[in-house]
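Structural characterization, general
Spelled out from the first residue to the last, the chains are:
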Amino acid sequence: MRRALILLLLVGLATLANAQQMGIEDFARLKRPFWKRSKVTVDKQKAIIDLYTQEKGFTFTANGKEAAEAKENDGVITVKVPAKTHHLTIKHPQYGTLTWRVPVKYLKRKKHYRATLLATDSTKKYKLKEQWVQLEVSPRNAIVHIDSTIILLRDGQMAKSLPLGKHTYQVEAPFYEELTDSFELADSDKMILSIALQPTYSYLTVNTQMPRADIRVDGQSINKQEGTSTRLTPGEHRLSLHYKGNCYYDEPFTIGLGEKKHIEVALKDLRLRPAAEQHKKVLALTTPAAANDSTATEGAATADAKDMGATLPLDMRGMVNIHSNVVGARISISGQHVGETPCIVKGLSTRRSYVITLEKEGYKTVKTAVRPRGNELTDLNIKMKQK
């Protein structure tokens with residue numbers, strides 16, 4: 001008897017290994033609570049087992065010799081087997097044959113069991129409809145658009161499931177070249193895409209024949225007699241030379257995107273600038289509000305936040321990268337709408353603080369203050385909570 005059982009188990013295991021299309025999981029016994037009325041159905045002569053599956057057309061044989069009664073319902077097949085059934089043979093015209101050894105000694109009469117019947121067709125290859133793409137972006141504060149949708153990055157990384165096929169993306173960040181490209185997702189494996197934007201910093205190098213002259217770019221000192229500026233944004237800037245409190249050179253210059261500009265100031269270009277002329281040029285570079293109040297508050301703003309401070313020297317202008325855990329939140333600066341998260345606001349004066357307000361339906365309004373830094377990007381991450 002033992003040899004027969006061992007042989008039968010080996011045959012069953014071999015059948016399962018060959019088919020690899022059916023399996024039984026989550027076997028358990030349904031118990032009848034004694035303290036209240038039970039809804040568990042039992043049979044006085046047989047054991048009952050519910051096999052959860054979306055497939056139909058199975059036949060069952062108990063102990064390899066006795067056909068078992070099976071009733072197909074929506075999502076479950078209820079099978080009645082003789083008492084002391086220790087293995088069940090399951091057949092299907094499409095999925096093959098499975099000989100299943102019950103996890104207990106045998107199935108007992110007047111007991112109700114359940115299990116999950118898994119069935120897959122090995123002749124049909126399942127095709128994914130979506131695939132994962134993982135982005136690794138430098139710089140970490142870049143803004144990414146995939147198929148015209150803004151994607152949130154966490155510490156310069158993002159993983160997202162997208163439909164198979166071709167997708168276009170755009171990556172942008174201040175002081176870096178904007179990148180537009182595409183990638184194609186297949187069902188074979190996820191894609192890891194590393195993106196490093198190329199910097200577009202512009203620099204100015206200045207030489208002068210005037211010994212110990214203090215070289216200033218947009219009012220910021222860069223060195224004595226010879227020096228190179230910090231990164232500059234494309235556009236118009238101002239170069240001046242000072243010595244012992246007097247200005248001897250003060251002229252505008254224009255620099256292009258990514259340009260490394262060189263200016264040599266000869267002695268013939270130097271002349272003492274009258275104090276009145278110097279003050280006149282400085283005042284022309286500042287707004288009345290900024291010149292009269294360096295600690296202006298939200299109510300002092302009268303110009304559009306995007307343009308506020310645009311006429312100030314570069315070291316008095318800054319940018320703020322505003323992002324949040326909520327995409328599409330309305331951003332207001334000093335009460336004026338400037339965009340939606342994530343958003344980079346440029347040309348803000350460093351002479352004052354701004355109140356940033358984030359609003360979106362279903363979320364609590366958030367306000368926070370920020371003071372930009374000259375010729376730099378201030379990263380501002382604002383967390384919003386649901387109402």
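The present account deals with the structure reproduced in this document. (Residues numbered from 1 in each chain as written. Predicted model: local features only at pLDDT ≥ 70, side-chain atom pairs only at ≥ 80, totals over all residues. Heavy atoms only, no water.)

Things to note about the pairing of strand β21 (residues 235-243)
What counts, and what does not: Strands are labelled as partners when DSSP assigns at least two bridges between them. A run of DSSP states H or I qualifies as a helix once it reaches four residues; a run of E qualifies as a strand once it reaches two. Both are numbered from the N-terminal end.
Strand direction decides the pairing type here: strand β18 (residues 214-217) and β21, joined by four bridges, are antiparallel. For V217, the partnering residue across the bridge sits in β21 and is L239. Alignment of β21 against strand β22 (residues 246-255), held across nine bridges, turns out to be antiparallel. Residue pairing across strands places E236 opposite T254, the latter belonging to β22. Hairpin connection, β21 to β22: the antiparallel pair is bridged by two residues, and K244 has positive phi, about 50°.

Concerning the pairing of strand β10 (residues 130-138)
When β10 meets strand β13 (residues 157-163), the two strands line up antiparallel, connected through seven bridges. Within the sheet, the bridge partner assigned to W132 lies in β13 and is S161. Across six bridges, the pairing between β10 and strand β16 (residues 191-196) is parallel. Opposite L135, over in β16, you have L193 as the bridge partner.

Structural notes on the environment of A115
Condition: Here, residues are in contact when the closest pair of their heavy atoms is within 4.5 Å.
Here A115 is to be found in strand β9 (residues 112-119). Along the chain, A115 and L51 lie 64 residues apart, while their C-alpha atoms are 5.1 Å from each other. Among residues more than four places away in sequence, those in contact with A115 are I24, E25, D26, F27, D50, L51 and Y52.

Description of the sheet that holds strand β28 (residues 354-359)
Rule in force here: Here an axis means a line fitted to C-alpha atoms, over the contact stretch when the element is a helix, while the angle between two N-to-C directions is reported on a 0 to 180 degree scale.
One open sheet accounts for four strands, arranged β26-β25-β28-β29; its pairing is antiparallel. For this open sheet the edge positions go to β26 (336-340) and β29 (366-370), each flanked by a neighbour on one side alone. Within the sheet, the average angular offset between the axes of one strand and its neighbour, ignoring direction, is 25°. Direction of pairing for β28 relative to β29: antiparallel, over a ladder of five bridges. By the bridge assignment, I356 is partnered in β29 with T368.

Re the sheet that holds strand β19 (residues 220-224)
Sheet architecture is open: four strands sit in the order β19-β18-β21-β22, paired in antiparallel fashion. Taken across any chain shown, the strands that pair with only one partner, and hence form the sheet edges, are β19 and β22. Averaged over all pairs of adjacent strands, the angle between strand axes in this sheet comes to 25°, irrespective of strand direction.

Considering the environment of Q336
Rules: Buried, partly exposed and exposed residues are distinguished by accessible area as a fraction of the type maximum, computed with a 1.4 Å probe on protein chains only: under 20%, between the cut-offs, and over 50%, respectively.
With respect to the helices and strands, the residue Q336 is situated in strand β26. Of the residues examined, Q336 reaches a relative accessible area of 23% and is grouped as partly exposed. Along the chain, Q336 and T357 lie 21 residues apart, while their C-alpha atoms are 9.4 Å from each other.

Brief notes about the layout of surface pockets
Short version of the rule: Buried and open spaces are told apart on a 1 Å grid over the protein atoms alone, a cavity being a set of points where a 1.4 Å probe fits but cannot get out and a pocket being an open set with protein on both sides within 12 Å along at least five of seven lines. Residues with an atom within 4 Å of a point are the lining residues. Grid points are joined across faces, edges and corners, and a volume is the space filled by probe spheres set on the points.
Reported here for the second largest pocket is a volume of approximately 480 Å³. Contributing to the lining of the second largest pocket are 19 residues, with L153, R154, D155, H323 and N381 lying nearest its centre. Going through the elements one at a time, β24 (317-324) and β30 (377-382) are the ones with two or more residues in the lining of the second largest pocket.

So, the environment of M319
Residue position: M319 is located in strand β24. The buried category is assigned to M319, whose relative accessible area is 9%.

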